[in-house]
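What follows is each chain in one-letter form.
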Amino acid sequence: MPTPLLEARGLTKRFGALTALSGVDLDVNAGEVLALLGDNGAGKSTFIKVLAGAHAPTEGTLTIGGTPVAFASPQDAANVGIATIFQELALSENLSIAENVFLGREIVRRVAGVPFLRRREMKDVVGRLLDELDAHISDPDAPVGSLSGGQRQAVAICRALYLDARLVIMDEPTAALAVAETRKVLDLTRRLADRGCAVLLISHNIADVFEVSDRMAVFRRGRKVAERRRDATDPEEIVSLITGAHPDVRALDKQQ
Amino acid sequence: MTRLLGGREATLAAACLVAALVFAAASPVFLTPGNLLTVLRNSTELLLAALGMTLLLAMGAIDVSIGMAMGLAAIVVGQLLMAGIDPALAGIAGPLAGAALGLVAGAVVAFGKIPAIVATLGLLGVYRAGIFLTLGGAWLSGIPTGLTDLVATPVLGVPPAIVLIGLAYLAVFVLLRRTPFGPHLLAVGNSDEKARLSGIAVTRIRLMTFVVAGALAGLAATFYIATYRNVSMTIGATLPLEAIAAAVLGGTSILGGRCTLVGTVLGVILIRLMQNGLLLVGVPSLWQPVVTGAMLLIVLGLEAGAGSEGLRRLVRRPA
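Quick caveat: nothing in here was measured; it's all calculated off a predicted structure.

## Considerations on the overall build of chain B
- Along its length, chain B carries 14 helices and zero strands.
- At 19 Å, chain B has a C-alpha radius of gyration in line with the 20 Å of a compact globule built from 319 residues.
- Overall, the C-alpha framework of chain B stretches about 55 × 55 × 40 Å when taken along its three principal axes.
- Buried positions account for 51% of the 319 residues belonging to chain B.
- The long-range fraction of contacts in chain B, counting pairs at least 24 apart against all pairs at least 6 apart in sequence, stands at 78%.
- Working note: accessible area of chain B is about 13800 Å², and carbon and sulfur atoms make up 72% of it.
- Between the averaged position of the 18 positive side-chain charges in chain B and that of its 10 negative side-chain charges there is a distance of 7 Å.

## Looking at the environment of Ala245 of chain B
- Secondary-structure assignment places Ala245 of chain B in helix H11 (residues 239-250).
- The sequence separation of Ala245 of chain B and Leu197 of chain B amounts to 48 residues, and the corresponding C-alpha distance is 32 Å.

## Topic: the interface of chain A and chain B
- Contacts between chain A and chain B engage 20 residues on the former and 17 residues on the latter.
- Roughly 1700 Å² is buried in total at the junction of chain A and chain B, and carbon and sulfur atoms are behind 58% of that figure.
- For chain A, the biggest contributors to the area lost against chain B are Ala90, Asn94 and Leu117 of chain A; these three give 29% of the whole.
- The tally of links from chain A across to chain B stands at one salt bridge.
- The partner of Glu93 of chain A in a salt bridge is Lys194 of chain B, with the nearest N and O atoms 2.7 Å apart.
- The interface formed by chain A and chain B contains nine residue pairs in polar contact (both at pLDDT 80 or more).
- In terms of residues, the side of chain A that touches chain B owes the most to one element, strand S8 (residues 114-117) of chain A, which gives four residues.
- A breakdown of the residues in the side of chain A that touches chain B according to their chemical character gives ten nonpolar, four polar and six charged.

## So, the UniProt feature "transmembrane region" (unreviewed entry) in chain B
- Listed under "transmembrane region" (unreviewed entry) in the UniProt record, and renumbered for this structure, are residues 50-77, 89-111, 117-140, 152-176, 205-226, 247-274 and 286-307 of chain B.
- Regarding residues 117-140 of chain B, the helix share stands at 79% and the strand share at 0%, and the terminal C-alpha atoms are separated by 29 Å.

## Let's talk about the sheet that holds strand S3 (residues 33-38) of chain A
Residues and elements named next belong to chain A.
- The strand order across the open sheet built from six strands is S6-S9-S10-S3-S11-S12, with neighbouring strands paired in mixed fashion. Looking at the sheet topology across the chains shown, the edges are occupied by strand S6 (82-85) and strand S12 (223-229). Taken pair by pair, the neighbouring strands of this sheet meet at an average axis angle of 20°, ignoring direction.
- By the bridge criterion, four bridges tie S3 to strand S10 (residues 198-202) in an arrangement that is parallel. In the sheet register, Leu34 faces S10, and the bridge partner there is Leu200.

## Examining the pattern of salt bridges
- Across all of its chains, the model carries 18 salt bridges over all chains by this definition.
- Among the salt bridges present, the one from Arg183 of chain A reaches Glu211 of chain A, with a minimum N-O distance of 2.8 Å. Placement of the pair is Arg183 of chain A in helix H6 (residues 179-194) and Glu211 of chain A in helix H7 (residues 206-212), with a sequence separation of 28 residues.
- Between Arg206 of chain B and Asp192 of chain B there is a salt bridge; the shortest N-O distance is 3.0 Å.

## Concerning the packing of helix H2 (residues 33-58) of chain B against H11 of chain B
Residue and element names in this part refer to chain B.
- Look at H2 against H11: their axes get within 8 Å of each other, and the N-to-C directions meet at 65°. Between H2 and H11, the interaxial angle falls into the category roughly perpendicular. Both H2 and H11 take part in a crossing whose hand is right-handed. In this structure, H2 contributes Glu45, Leu46, Ala49, Ala50, Met53, Thr54 and Leu57 to the contact, and H11 contributes Leu239, Pro240, Glu242, Ala243, Ile244, Ala246, Ala247 and Val248.

## Regarding the pairing of strand S11 (residues 215-220) of chain A
Residue and element names in this part refer to chain A.
- Burial analysis of S11 places six of its six residues in the buried class, the great majority of the element.
- Residues Arg215, Ala217 and Phe219 of S11 are buried on one face, and the alternating residues Met216, Val218 and Arg220, pointing to the opposite face, are buried as well.
- Alignment of S3 against S11, held across five bridges, turns out to be parallel. Opposite Gly38, over in S11, you have Phe219 as the bridge partner.
- Here S11 runs beside S12; their pairing, made up of six bridges, is antiparallel. Within S12, the position partnered with Arg215 by the bridge is Arg229.
- Adjacent in sequence and paired antiparallel, S11 and S12 are bridged by two residues, among which Arg221 carries a positive phi angle near 50°.

## Details of the nonpolar core
- Of all hydrophobic cores here, the largest spans 98 residues; its most connected members are Met59, Leu185, Phe210, Ile225, Val231 and Leu270 of chain B.
- Broken down by element, the residue count for this core peaks at 14 residues, all from helix H10 (residues 202-228) of chain B.
- Among the nonpolar cores identified, the runner-up in size contains 42 residues, and Ile85, Leu117, Leu130 and Ala156 of chain A belong to it.

Procedures and definitions
- Residues numbered from 1 in each chain as written.
- Chains lettered and ligands numbered in written order.
- Predicted model: local features only at pLDDT ≥ 70, side-chain atom pairs only at ≥ 80, totals over all residues.
- Heavy atoms only, no water.
- Helix = DSSP H or I, 4+ residues; strand = E, 2+ residues; numbered from the N terminus.
- Rg over C-alpha atoms; globule rule 2.2 N^0.38 Å.
- Buried < 20%, exposed > 50% of the residue type's maximum accessible area, 1.4 Å probe, protein only.
- Contact = heavy atoms within 4.5 Å.
- Areas by Shrake-Rupley, 256 points an atom, 1.4 Å probe, with all protein chains shown as cover.
- Lys, Arg positive; Asp, Glu negative; His and termini not counted.
- Charge placed at Lys NZ, Arg CZ, Asp CG, Glu CD.
- Buried area = accessible area lost by both parts, 1.4 Å probe.
- Salt bridge = Lys/Arg side-chain N within 4 Å of Asp/Glu carboxyl O.
- Polar contact = N/O pair within 3.5 Å; in protein donor to acceptor, adjacent residues only side chain to side chain.
- Nonpolar A, V, L, I, M, F, W, Y, C, P; charged D, E, K, R; others polar.
- UniProt positions renumbered as here; feature names shortened; annotations may be inferred.
- Pairing = 2+ DSSP bridges.
- Axes fitted to C-alpha atoms, helices over the stretch in contact; angles between N-to-C directions.
- Parallel < 35°, antiparallel > 145°, perpendicular 65-115°, else oblique.
- Left-handed = near helix turned anticlockwise from the far one by under 90°.
- Core = buried A, V, L, I, M, F, W, Y, C linked by side-chain atoms within 4.5 Å.

Here it is, written out as structure tokens:
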């Protein structure tokens, strides 16, 4: 086994008296899709917010490629190659696809100090990325407001790719999508991992998770209660782990 | 061509044409070159202010104090000229003073986290008092002709005023469509929270937009002084209404995120054509703000109620 891309050790997050995350150890490897499962309030969101730099952990360490990191802001996390695709996507509907992919990181050529946009070049880059993702979006100049939910996910993924993200966190990417669109986004997720990205996928949909992920981690009451390889488990076991019906989880619950 | 002239711009151009035809039929003076030149000259200050307002609206803000900012900048330019300062330097002082006032408005909005309409309404009161106090109840008049000669005397057959206004338009266009400032401004106008999550320095964009709009209002002050060589107590009183009306008529969204510079230019022309034409057919000038305000409200009403596809196509904003 090569060193994992990301290692979380003893990650704990308390909000006052509430412990949202409690001593979580988790590794994410390059080239794999790791699914995070768990009921509402299980700590998944808190966990990814810590990874994304939106929350500072109360205790515990994070290392990326063997180097310890501490994030003061989402920008810090982005700088080490962690891209988070939030559920609400944070895209600007009134701007074009290309403008969204490059928003805040435009390619410019300075003439007398004035940063002129290199529009042709940005359009080409986005066109290539969309092709690579096989996203079936023909015009990088189309406004994002005219796209479907799945196409918007593709734009958000392009944004992550342009960041040269090493870890892409996807929060419920298929929650609001039609069936065909869901398929497309799952394909994109797989393709990201095949490019060598580590992908952390949060989803409530067990079928989706079984289709696309290599490994699964189940969270419950702020703890990681189980980790399974896809080929070593089945949906029934995962559901019982999530709900707490599984004997392992019951034993854990009793310990507390 | 459809990209260049979206549905809204075409409708507006047609409206200008219809207005021109109606007034031409009603008044023999309307279509004379002299009168049309007057319309153009009267459009100068409004055009500059409206371009700034377009950027502000697109960024999700508004500035109802720009008329008073223009007034204060005009007093600065006028008094510099009366003090015998070189006309070119006095002229440049206009945009500089305007930019400073824009920075104040931007700082109040961005750092005070006060809605732009309320913040600039407060500034309007302060600035107006400033104008009253500086002028002391009398007009600033008897301003020497140096600046007028400078901008109006043709160089190689072209008055410098036209070149300067062209350059100002070009500068706004480049800023909006050819530099990162444009998409950043539009992203903030769409949703400042999403813009922040995308890593955009929202406060800096806000400040910059107010400064640019202020500088344009200040440049308008320079042209105002060059044209009228006086400052009255009521300077700039109708400017915010007209600038907002021109931008909104043109297709800029009052909710932010969308704008068109060509539309704003057409909006300015329509407003000034209407005012000039109505004056020529004998409508007292007191009615001008009524007409401008009515056009603004009608367009907003049409946008809100654009139910049928045909109507929607006429008022649809360009993307």
